Amino acid sequence: MRIGIIGAGKVGTSFGLFLKDRGETITGYVSRTYDSACEAAALTGSKAFQDPLELIRNSELIFLTVVDDQIEPLAAVLASKLAENIPRPDPGDQRHPIFVHMSGAHSILALEPLAAAGFETASLHPLQSVSEIEQARNAFGDTLFTVEMMLGGGFEGWLATIGISFVRIEAENKALYHVGAVFASNFVVTVLDAAIQLFEQVGFSEEEARRGLMPLVYGSVDNVARSGAEKALTGPVARGDVATVAKHLEALEALEALEDLDSGALPEAAALYKSLSGATLSLAMRYKLTKDPGAAAELKALLAKEDAKHER
Ligand SMILES: NC(=O)c1ccc[n+]([C@@H]2O[C@H](COP(=O)([O-])OP(=O)(O)OC[C@H]3O[C@@H](n4cnc5c(N)ncnc54)[C@H](OP(=O)(O)O)[C@@H]3O)[C@@H](O)[C@H]2O)c1
């Protein structure tokens, strides 16, 4: 397949490299700035184009890897340019290329102007956090993707030939699916930031905090991967250890009272702790705390009391 990529950022470049590694031909790149297109083209041994129509004419598959907000306007601009420059085939005949965006939040409907113009459209979202190009290039092979597409289209067959494993998703479920991905990726980073800052507060350097915490993180993630969240949960809430949770809340309250804590993420640590403890309690009550309803009720009351204290 000859593949063109519009949007020469992190995903466009790393996914282009991954496809090249899998033996696909990258036609080239168009981007908002010609410099970005040249950089990605140089890395993938392809070509930078100024005119998207030229890239489209030379490609069988086009990935739109622009920022989310630009997908729909770009699809509209491309559809109108294509209408003016490339004749529509007979009714029933599929126009080429296939257009695909890679957003997790937006559905295939963002490409509606191109679908209305007779092109096959799809969305392909990697369940992968892409911040470094080389790391992502190598990680895509083990990544699960989600796909929305028109039934019976050529895209699904192509995915199978290059060995991308995927789950189908419906347009109406895309937003909730993306919320799940945000919890598993972005919020993990936010929670780790709170942990690192708390360790710094008690004398660790930032580097020591990261080094010290990582085995804990990897262990927890590994346990969820092997046994699921209910069995993987450890800690005071899962044990029904009410006194320890009370001690944590006291320490966080004392921290909040410190005057020089008006910047950074630490003032939010107390709110985060309470909110996550509530969610952790619900998780614990599904498995670990089922045999100790008394402790579960005490923890619930303790967290409710703390909430009421802060609402005053
Ligand atoms: N990063 C992730 O973790 C991740 C994971 C899964 C999916 N995605 C999805 O992948 C897509 C791209 O994300 P990204 O992280 O790669 O973003 P990014 O690094 O910011 O790259 C976006 C690129 O799009 C280009 N661009 C913006 N508007 C354009 C337009 N109108 N026409 C042509 N090019 C345009 C920019 O070009 P210039 O450099 O030329 O200014 C930029 O290089 C998004 O849909 C995102 O939701 C991202």
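Residues numbered from 1 in each chain as written. Predicted model: local features only at pLDDT ≥ 70, side-chain atom pairs only at ≥ 80, totals over all residues.

Describing the overall build of the protein chain
Defined as follows: Only DSSP runs of H or I covering at least 4 residues are called helices, and only runs of E covering at least 2 are called strands; the numbering of each starts at the N terminus. Each radius of gyration reported is based on C-alpha atoms, and the globular scaling rule is 2.2 Å times the count of residues to the power 0.38. Whether a residue is buried, exposed or partly exposed is read from the other C-beta atoms within 10 Å of its own C-beta, which are placed from the backbone; 20 or more gives buried, 12 or fewer gives exposed, and intermediate counts give partly exposed. Residues are defined as contacting one another if the C-beta atoms placed from their backbone atoms lie within 7 Å.
Counting secondary structure elements, the protein chain contains 15 helices and eight strands. In terms of overall size, the protein chain is more extended than a compact globule, its C-alpha atoms giving a radius of gyration of 25 Å where 312 residues would be expected to give roughly 20 Å. Every one of the 312 residues in the protein chain was classed for burial, and the buried ones make up 29%. In the protein chain, of all internal contacts separated by at least 6 residues, the share reaching a separation of at least 24 is 58%.

Observations concerning helix α1 (residues 10-21)
Definition in use: Expected helix span is computed as 1.5 Å times (number of residues minus one).
An ideal rise of 1.5 Å per residue puts 16 Å on twelve residues; α1 measures up with 17 Å between its terminal C-alpha atoms. Of all the twelve residues making up α1, nine are buried; the element is thus mostly covered by neighbouring parts of the structure. Those residues of α1 that sit buried are Val11, Gly12, Thr13, Ser14, Phe15, Gly16, Leu17, Phe18 and Leu19. Here the buried face of α1 lies against β1 (2-6), β2 (25-30), α2 (34-44), β4 (61-64) and α6 (133-139). Within two residues after α1, Gly23 carries a phi angle of roughly 90°, on the positive side.

Considering the sheet that holds β2
This is how it is decided: When DSSP finds two or more bridges between two strands, those strands count as paired.
The strand order across the open sheet built from eight strands is β3-β2-β1-β4-β5-β6-β7-β8, with neighbouring strands paired in mixed fashion. The open sheet terminates on both sides in strands that have one partner only, identified here as β3 (47-48) and β8 (165-168).

Considerations on the domain arrangement of the protein chain
The condition that has to hold: Throughout, the edges of the domains are those of an automatic or database domain assignment.
One can read the domain layout of the protein chain as domain 1 (2-170) and domain 2 (184-311). The gap between the C-alpha centroids of domain 1 and domain 2 is 41 Å.

Looking at the packing of α1 against α2
Rules: An axis is simply a line fitted to the C-alpha atoms; with a helix, the fit covers only the stretch in contact. Between two such axes, the angle follows the N-to-C directions and lies from 0 to 180 degrees. The labels follow the angle: roughly parallel below 35 degrees, roughly antiparallel above 145, roughly perpendicular from 65 to 115, and oblique for the rest. Throughout, a crossing is termed right-handed when the near helix is turned clockwise from the far one, and left-handed when it is turned anticlockwise from it by less than a right angle.
At a minimum axis distance of 9 Å, the contact between α1 and α2 shows a crossing angle of 20°. What the angle tells us is that α1 and α2 run roughly parallel. The two elements α1 and α2 meet at a crossing, and its hand is right-handed. Touching Gly12, Thr13, Gly16, Leu17 and Lys20 of α1 are Ala40, Leu43 and Thr44, all from α2.

Some details on the packing of helix α9 (residues 186-201) against helix α10 (residues 206-227)
Helix-helix packing is described using two parameters, namely the angle between the two axes and the distance between the axes. Look at α9 against α10: their axes get within 9 Å of each other, and the N-to-C directions meet at 130°. Considering the angle they form, α9 stands oblique to α10. Crossing of α9 against α10: the hand is right-handed. Touching Leu192, Ala195, Ile196, Phe199 and Glu200 of α9 are Glu206, Ala209, Arg210, Gly212, Leu213 and Val217, all from α10.

What about the environment of Leu289?
By the element assignment, Leu289 lies in the loop between α14 (266-285) and α15 (293-311). In the structure, Leu289 is positioned 241 residues away from Ala48 in sequence and 59 Å away in space, judged by C-alpha atoms. In contact with Leu289, other than residues within four places in its own chain, are Ala238, Gly240, Ala284, Ala295 and Ala296.

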